[in-house]
Amino acid sequence: ILLVLKRFLKYTTEECNLRTIPPEAVLTPRRPRREVAYLSAEEIQRFVDSIKLTSGAGNVYMTGLRFRTLVEVLMGTAMRISEVLALDRGQIDFKTAEAKIVGKGRKERVVFFTERALSWLTRYLEARDDENTALFVTGDGLRRLKRPDIWRPFTQHRNLAGLNKRVTPHLLRHTAATQLLFNGCPVGHI
């Protein structure tokens, strides 16, 4: 609003030759810098350790394996949740550890996977027995996993891990970017 007012004052002064207060006299407030929230290495470990991977009988617990894989992919690629849930099995090149995705604003880009994320993906895909092309599917394997399907597990495992921070897919994106920064990756590259 203040920027529009400054522009209006400049217009009335220069174009209409009216006497007004100088546009420079209107000061716009500085926005406070938001602190980026992220998980520490210890908090990440507590969070992933809270995810149950086997049933009481020692069998693979697919819901837990799927969620752990989702978390590892989010952490290992820094993708948005919508990008991860839109992935198909065939989009991932396991040899080059990359995938072409369509991101925000329908922009195509290449994302890179960590060895750890690829390892969990391989484990998850080997445990699946459906033919669905989607990377992440519901328990019955009939449909692609959607955003509403994943909120409850994030809250549940945050509580199990005893974390005070609200753990979301976007927080994991921030965490991945922060880890890259701490490891010397240039900001422009992140």
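Everything that follows concerns the structure shown earlier in this document.
Conventions we followed
Residues numbered from 1 in each chain as written. Predicted model: local features only at pLDDT ≥ 70, side-chain atom pairs only at ≥ 80, totals over all residues. Heavy atoms only, no water. Helix = DSSP H or I, 4+ residues; strand = E, 2+ residues; numbered from the N terminus. Rg over C-alpha atoms; globule rule 2.2 N^0.38 Å. Buried < 20%, exposed > 50% of the residue type's maximum accessible area, 1.4 Å probe, protein only. Areas by Shrake-Rupley, 256 points an atom, 1.4 Å probe, with all protein chains shown as cover. Lys, Arg positive; Asp, Glu negative; His and termini not counted. Charge placed at Lys NZ, Arg CZ, Asp CG, Glu CD. Pairing = 2+ DSSP bridges. Salt bridge = Lys/Arg side-chain N within 4 Å of Asp/Glu carboxyl O.

### Comments concerning the overall build of the protein
Point 1. Along its length, the protein carries seven helices and three strands.
Point 2. Beginning at the N terminus, the succession of helices and strands in the protein can be written as α-α-α-α-β-β-β-α-α-α.
Point 3. Over its C-alpha atoms the protein spans a radius of gyration of 23 Å, topping by over 25% the 16 Å that the globule rule assigns to 190 residues.
Point 4. Along the first, second and third principal axes, the C-alpha atoms of the protein reach 85 × 35 × 35 Å.
Point 5. Here the protein, with 190 residues, has 38% of them falling under the buried criterion.
Point 6. As displayed, the protein has an accessible area near 12800 Å², and 53% of this comes from carbon and sulfur atoms.
Point 7. The protein carries 32 positive and 20 negative side-chain charges, and their two centres are separated by 7 Å.

### Considerations on the pairing of strand E2 (residues 98–102)
Point 1. Residues Ala99 and Ile101 point to one face of E2 and are all buried, whereas Glu98, Lys100 and Val102, pointing to the other face, are not buried.
Point 2. Where strand E1 (residues 92–93) meets E2, two bridges bridge the pair, whose relative direction is antiparallel. The residue of E2 that forms the bridge with isoleucine 92 is alanine 99.
Point 3. The loop that links E1 with its antiparallel partner E2 comprises four residues; one of these, alanine 97, has a positive phi angle of about 60 degrees.

### Digging into the environment of leucine 121
Point 1. Among the structural elements, leucine 121 can be located in helix H5 (residues 115–127).
Point 2. In this structure the C-alpha to C-alpha distance between leucine 121 and leucine 135, which are 14 residues apart in sequence, comes to 8.9 Å.

### Thoughts on the pattern of salt bridges
Pairing is possible between side chains that carry opposite charge, provided their charged atoms lie close to one another.
Point 1. Under the defined criterion, the tally for this structure stands at 10 salt bridges.
Point 2. Taking the shortest distance from any N to any O, the salt bridge between glutamate 72 and arginine 116 comes out at 2.8 Å. Placement of the pair is glutamate 72 in helix H3 (residues 62–77) and arginine 116 in helix H5, with a sequence separation of 44 residues.
Point 3. Looking at glutamate 72, the relative accessible area reads 5%, which means it is buried.
Point 4. According to the relative accessible area criterion, arginine 116 is partly exposed, its value standing at 41%.
Point 5. Arginine 144 is the partner of aspartate 88 in a salt bridge, and the nearest nitrogen-oxygen pair spans 2.5 Å. With aspartate 88 in the loop between helix H4 (81–85) and E1 and arginine 144 in the loop between H5 and helix H6 (151–161), the pair connects residues that are 56 residues apart, well separated along the chain.
Point 6. We classify aspartate 88 as partly exposed; its relative accessible area is 24%.

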